[in-house]
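So you can see what is in the structure, the chains are spelled out below.
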Amino acid sequence: MHEREGSPRYDLLVVGSANADLVVGVDRRPGPGETVLGSDLVVHPGGKGANQAVAAARLGARTALLARVGDDAHGRLLLASQQEAGVDTGGVLVGGAPTGVALITVDPSGDNSIVVSPGANARLTPQDIRAAGPLFASARVVSVQLEIPLDTVAETARALARGARLVLNPSPPAPLPEEVLAACDPLVVNEHEARYILGDGAGSTPESWAKGLTALGPRSVVITLGADGALVSDTRAGDPVRVPSPQVDAVDTTGAGDAFTAALAWRLGLGEELTEAAAFAVRVGAAAVTRKGAQVSFPTAEEVSAL
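Residues numbered from 1 in each chain as written. Predicted model: local features only at pLDDT ≥ 70, side-chain atom pairs only at ≥ 80, totals over all residues. Heavy atoms only, no water.

## Concerning helix α1 (residues 48-59)
Moving on, step 1. Taking 1.5 Å as the rise per residue, α1 with 12 residues should run 16 Å; its terminal C-alpha atoms sit 17 Å apart, in good agreement.
Moving on, step 2. Burial runs high along α1: 11 of the 12 residues are buried.
Moving on, step 3. For α1, the complete set of buried residues consists of Lys48, Gly49, Ala50, Asn51, Gln52, Ala53, Val54, Ala55, Ala56, Ala57 and Leu59.
Moving on, step 4. Directly after α1, the chain includes Gly60, whose backbone phi takes a positive value near 115 degrees. (Helix = DSSP H or I, 4+ residues; strand = E, 2+ residues; numbered from the N terminus. Expected span 1.5 Å × (residues − 1). Buried < 20%, exposed > 50% of the residue type's maximum accessible area, 1.4 Å probe, protein only.)

## Focus: the layout of surface pockets
To find the voids left in a structure, one rolls a probe of water-molecule size over its atoms.
Moving on, step 1. Roughly 1200 Å³ of internal volume is contained in the largest pocket.
Moving on, step 2. As for the largest pocket, its lining consists of 45 residues, and the residues nearest its centre are Asn190, Thr253, Gly255, Ala256 and Gly257.
Moving on, step 3. Of all the secondary structure elements, the ones that give two or more residues to the lining of the largest pocket are β2 (19-25), α1, β6 (100-106), β7 (112-117), β10 (184-189), α7 (191-198), α9 (256-269) and α10 (274-288).
Moving on, step 4. Looking at the lining of the largest pocket, its residues break down into 18 nonpolar, 20 polar and seven charged.
Moving on, step 5. Estimates place the volume of the second largest pocket at around 270 Å³.
Moving on, step 6. Val23, Gly25, Val106, Asp252 and Lys292 are, among the 15 residues lining the second largest pocket, the residues nearest its centre.
Moving on, step 7. Taken together, the elements giving at least two residues each to the lining of the second largest pocket come down to β2 and β3 (42-46).
Moving on, step 8. The element best represented in the lining of the second largest pocket is β2, accounting for three residues. (1 Å grid on protein atoms, 1.4 Å probe; cavity = no way out; pocket = protein on both sides within 12 Å on 5 of 7 lines; lining within 4 Å. Points joined across faces, edges and corners; volume = space filled by probe spheres on them. Nonpolar A, V, L, I, M, F, W, Y, C, P; charged D, E, K, R; others polar.)

## Overview of the pairing of strand β1 (residues 10-15)
Moving on, step 1. For β1, the buried fraction is high: six of the six residues fall into the buried class.
Moving on, step 2. Note: β1 against strand β8 (residues 139-145), five bridges, orientation parallel. The partner of Leu12 across the bridge, within β8, is Val141.
Moving on, step 3. Of the pairings in the sheet, the one linking β1 to strand β4 (residues 63-69) comprises four bridges and is parallel in character. Considered in β4, the bridge of Leu13 is made with Ala64. (Pairing = 2+ DSSP bridges.)

## So, the confidence of the model for the protein
Do not read the predicted coordinates in detail wherever pLDDT is low.
Moving on, step 1. Residues at a pLDDT of 70 or more form 98% of the protein, whose mean pLDDT is 91.
Moving on, step 2. Across residues 1-5, confidence stays below pLDDT 50; counting only partners more than four residues off in sequence or on other chains, it has six contacts. (pLDDT = per-residue confidence, 0-100. Contact = heavy atoms within 4.5 Å.)

## A short note on helix α2 (residues 73-85)
Moving on, step 1. Over its 13 residues, α2 runs 19 Å from end to end, which matches the ideal 18 Å to within 8%, given 1.5 Å per residue.
Moving on, step 2. On its buried side, α2 packs onto β2, β3, α1, β4 and β5 (92-94).
Moving on, step 3. Count one or two residues on from α2 and you reach Gly86, which has phi positive near 95 degrees.

## What about the packing of aromatic side chains?
Moving on, step 1. Scanning the entire structure with this criterion turns up one aromatic pair.
Moving on, step 2. Taking the centre distance of 6.0 Å and the plane angle of 70 degrees together, the rings of Trp266 and Phe280 count as edge-to-face. With Trp266 in helix α9 and Phe280 in helix α10, the pair connects residues that are 14 residues apart, well separated along the chain.
Moving on, step 3. Across from the ring centre of Trp266, 5.1 Å away, lies the NZ or CZ of Arg267, which sits over that ring.
Moving on, step 4. When the ring centre of Phe280 is taken as origin, the NZ or CZ atom of Arg267, which lies over that ring, is 4.1 Å away. (Phe/Tyr/Trp six-rings, centres within 6.5 Å; stacked < 30°, edge-to-face > 60°. Lys NZ or Arg CZ within 6 Å of the ring centre and 35° of its normal.)

## Notes on the sheet that holds β4
The pairing of strands in a sheet happens through backbone hydrogen bonds and is either parallel or antiparallel.
Moving on, step 1. A sheet is described by the order of its strands in space; here nine strands give the open sequence β5-β4-β1-β8-β9-β10-β11-β12-β13, paired in mixed fashion. A single partner strand is all that each edge strand has here, and the edge strands are β5 and β13 (241-243). When the angles between neighbouring strand axes are averaged without regard to direction, this sheet yields 20 degrees.
Moving on, step 2. Pairing of strand β11 (residues 220-224) with strand β12 (residues 230-234), which is carried by five bridges, proceeds in the antiparallel orientation. Looking at β12, one finds that Thr224 is bridged to Ala230. (Axes fitted to C-alpha atoms, helices over the stretch in contact; angles between N-to-C directions.)

## Observations concerning the pairing of β2
Moving on, step 1. Extensive coverage of β2 is indicated by the burial of five of its seven residues.
Moving on, step 2. Of the pairings in the sheet, the one linking β2 to β3 comprises five bridges and is antiparallel in character. Its bridge partner being in β3, Leu22 is matched across the sheet by Val43.

See the structure below:
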């Protein structure tokens, strides 16, 4: 791909987590104190940051990942997956703790429950962000999540190049500093994350959540609604807009939100309006749920077009 002189080197820089996903299928998820039998264990490369980077690269975005993994087999698996997808891994730091792990159970409907052991992700520090100045200077859009320390997320918001855009998915949800909320363009949440951030006054509709979230300072908000698509709210535009999703048979929802956010961030970096970018992203998310796994389920641009 030829670059214009002075143009950013990357369409998307993802700052975030890289985990090994340890997945077991179950007939039903266990309740408190209950043991259930599951399928054979399968290990996939995962983590919200690594997922987003692979999803964007597979779609054709020039993508870089800033993350930390352990000097272990899981870390090597993650690096290989990134490189195979075409992600620039020069910003991936190695060592300091074991690679992060996500323990995932998936039921027959495709719904999942996840427990994350952060490992090396918890050692991605604000100093690591400051040391990655050239990466930030080369990125049109920066995407970040909350599987890394919150002070590292805040430093990421401060590190944006002039004119660059920050896309934040606050997952797993946590209280966000005002400076981070103000930098979000957009803040990308699902229903659970929206209700967490808004608390008791959340209201009962996505439109009410969007109103409450934009009042907290983000320049724009996108609420993902699963099979119902997404709702887009931009403070520079009019009322919130619903974006429908193609109807598909869901097999495994693991990583679908990451695929959506990566696609959205990439298309925003190409100059698309938020609603247009979200319309593409819901198709990417829909394609991702039709196959098992996270990164292995992410579609190419051709597969999205065929949906």
